[in-house]
Amino acid sequence: MKTISTKDNLQILHEDNHIIVINKRAGDIVQGDKTGDKPLSDVVKEYLKEKYNKPREVFLGVIHRLDRPTTGIVVFAKTSKALTRLNESFKNRETKKIYWAVVKNSPPKSNDTLVHFLKRNPKNNTSKAHTKEVPDSKKASLEYRLFKKLDNYFGLEILLHTGRHHQIRAQLTAIGCPIKGDLKYGFDRSNSDGGIHLHARKLEIMHPVTKENLVFVAPTPNEVIWNAIIQ
């Protein structure tokens, strides 16, 4: 999977003196990793450098990440003050994160709270959801509600309580609802773009400087199944 975004096609949801909010595309990595692929953070830096005609290196702080095949809201800090305060806010779970997922099977209940203990496997970069605590596991919790039924798929809205590695993907698979396109977690075929139907739809945060309550909503990708979900 290759990175998709360039400074010319960034989907910017919000920008002010302290933060910039991007609607991430499938295939973008938020921060550089061992693949060596150009990360979204570098693309945003290039955009800021050109827009403001900055001769020197642009400051941009990475606060949180989305999995590479996932789409949706990513917030970056444009100042060190914003980075420090937002890091603290995310760490203390003072933010509200809403995701949308398209899954293969109908969930056992139309709405529920899922609590699992996730154990990460670094060898294949996955997490397994256990119903009971196991060594080196971390407690993971989320709420979901079924909000859309299609002929072959189901739309779920998810409120995260914790932010564990591959949490939504692992927990939904544990209840028999793998996300469309997610081969790593049990879906039977990949999506054509290499992404998965998991979208960081909505984020509520307090602005790190003005203290204003901000709510961001990211449009879903322009794609057949997503378009059917939002109709």
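Coordinates for the structure precede this section.
Structure report, in brief. As the structure is a computational prediction, the values presented were derived from the model and not from experiment. (Residues numbered from 1 in each chain as written. Predicted model: local features only at pLDDT ≥ 70, side-chain atom pairs only at ≥ 80, totals over all residues. Heavy atoms only, no water.)

**Concerning helix α3 (residues 167-174)**
Side chains three or four residues apart in an α-helix point the same way, a direct result of the helix having 3.6 residues per turn.
Moving on, step 1. The buried fraction of α3 is high, at 6 of 8 residues.
Moving on, step 2. Turning to α3, its buried residues are Gln 167, Ile 168, Arg 169, Ala 170, Gln 171 and Leu 172.
Moving on, step 3. Contacts from the buried residues of α3 go to β5 (96-103), β6 (111-121), β7 (126-130), β8 (138-149), β9 (154-160) and β10 (198-206).
Moving on, step 4. Within two residues after α3, Gly 176 carries a phi angle of roughly 85°, on the positive side. (Buried < 20%, exposed > 50% of the residue type's maximum accessible area, 1.4 Å probe, protein only. Helix = DSSP H or I, 4+ residues; strand = E, 2+ residues; numbered from the N terminus. Contact = heavy atoms within 4.5 Å.)

**Side note on the environment of Val 30**
Moving on, step 1. Looking at the element boundaries, Val 30 is found in the loop between β2 (19-24) and α1 (40-51).
Moving on, step 2. Residue class for Val 30 comes out buried when judged on its relative accessible area of 3%.
Moving on, step 3. When the C-alpha positions of Val 30 and Asn 191 are compared, they lie 20 Å apart, and in sequence the two are 161 residues distant.
Moving on, step 4. With residues near it in sequence (within four places) discarded, Val 30 still touches Lys 24, Pro 39, Leu 40, Ser 41, Val 62, His 64, Arg 65, Leu 66, Val 74 and Phe 76.

**Describing the pattern of salt bridges**
Moving on, step 1. Per the counting criterion, the structure on display carries 12 salt bridges.
Moving on, step 2. The partner of Lys 104 in a salt bridge is Asp 188, and the shortest N-O contact between them spans 3.3 Å. Note that Lys 104 is positioned in the loop between β5 and β6 and Asp 188 in the loop between α3 and β10, a separation of 84 residues in sequence.
Moving on, step 3. Under the relative-accessibility criterion, Asp 188 is labelled partly exposed at 49%.
Moving on, step 4. Among the ionic pairs, Asp 188 bridges to Arg 189, the shortest N-O distance being 3.4 Å. (Salt bridge = Lys/Arg side-chain N within 4 Å of Asp/Glu carboxyl O.)

**Remarks on the packing of aromatic side chains**
Moving on, step 1. Applying the stated rule across the entire model yields 1 aromatic pair.
Moving on, step 2. Their ring planes at 40° and their centres at 4.8 Å tell us that Trp 100 and Phe 147 sit as a pair that is tilted. You can see Trp 100 sitting in strand β5 and its partner Phe 147 sitting in strand β8, a full 47 residues away along the chain.
Moving on, step 3. Its relative accessible area of 24% is what places Phe 147 among the partly exposed residues.
Moving on, step 4. Directly above the aromatic system of Phe 187 lies the positively charged group of Lys 104, at a separation of 5.8 Å from the ring centroid.
Moving on, step 5. Stacked on the ring of Trp 100, the Lys or Arg Arg 201 has its end atom at 4.2 Å from the ring centre. (Phe/Tyr/Trp six-rings, centres within 6.5 Å; stacked < 30°, edge-to-face > 60°. Lys NZ or Arg CZ within 6 Å of the ring centre and 35° of its normal.)

**Focus: the side chain of His 166**
Moving on, step 1. By secondary structure assignment, the location of His 166 is in the loop between β9 and α3.
Moving on, step 2. Here Tyr 185 takes part through its side chain, which lies 2.7 Å from a polar atom of the side chain of His 166.
Moving on, step 3. Residues in contact with His 166, not counting those within four places in the same chain, are Asp 67, Asn 125, Thr 126, Lys 184 and Tyr 185. (Polar contact = N/O pair within 3.5 Å; in protein donor to acceptor, adjacent residues only side chain to side chain.)

**Focus on unusual backbone geometry**
Moving on, step 1. For Arg 93, which is not a glycine, the phi torsion comes out positive at approximately 55°.
Moving on, step 2. Mapped onto the secondary structure, Arg 93 falls in the loop between α2 (80-91) and β5.
Moving on, step 3. Even without glycine at this site, Asp 136 takes up a positive phi of about 65°.
Moving on, step 4. Here Asp 136 shows up in the loop between β7 and β8.
Moving on, step 5. Taking relative accessible area as the criterion, Asp 136 reaches 70% and is therefore assigned exposed.

**Quick look at the nonpolar core**
Moving on, step 1. Among the nonpolar cores identified, the biggest contains 33 residues, and Val 44, Phe 76, Ile 158, Ile 168 and Leu 172 are the most heavily contacted of them.
Moving on, step 2. For this core, the secondary-structure elements that each account for two or more residues are β2, α1, β4 (71-77), β5, β8, β9, α3 and β10.
Moving on, step 3. At 5 residues, the largest contribution of residues to this core is made by α1.
Moving on, step 4. Sequence-distant contacts of Leu 172, that is, excluding residues within four places in its chain, are made with Ala 101, Val 103, Leu 114, Leu 156, Ile 158, Cys 177, Pro 178 and Ile 179.
Moving on, step 5. In terms of nonpolar packing, the next biggest core, distinct from the first, is built from 15 residues, Ala 77, Phe 90, Leu 203 and Phe 216 among them. (Core = buried A, V, L, I, M, F, W, Y, C linked by side-chain atoms within 4.5 Å.)

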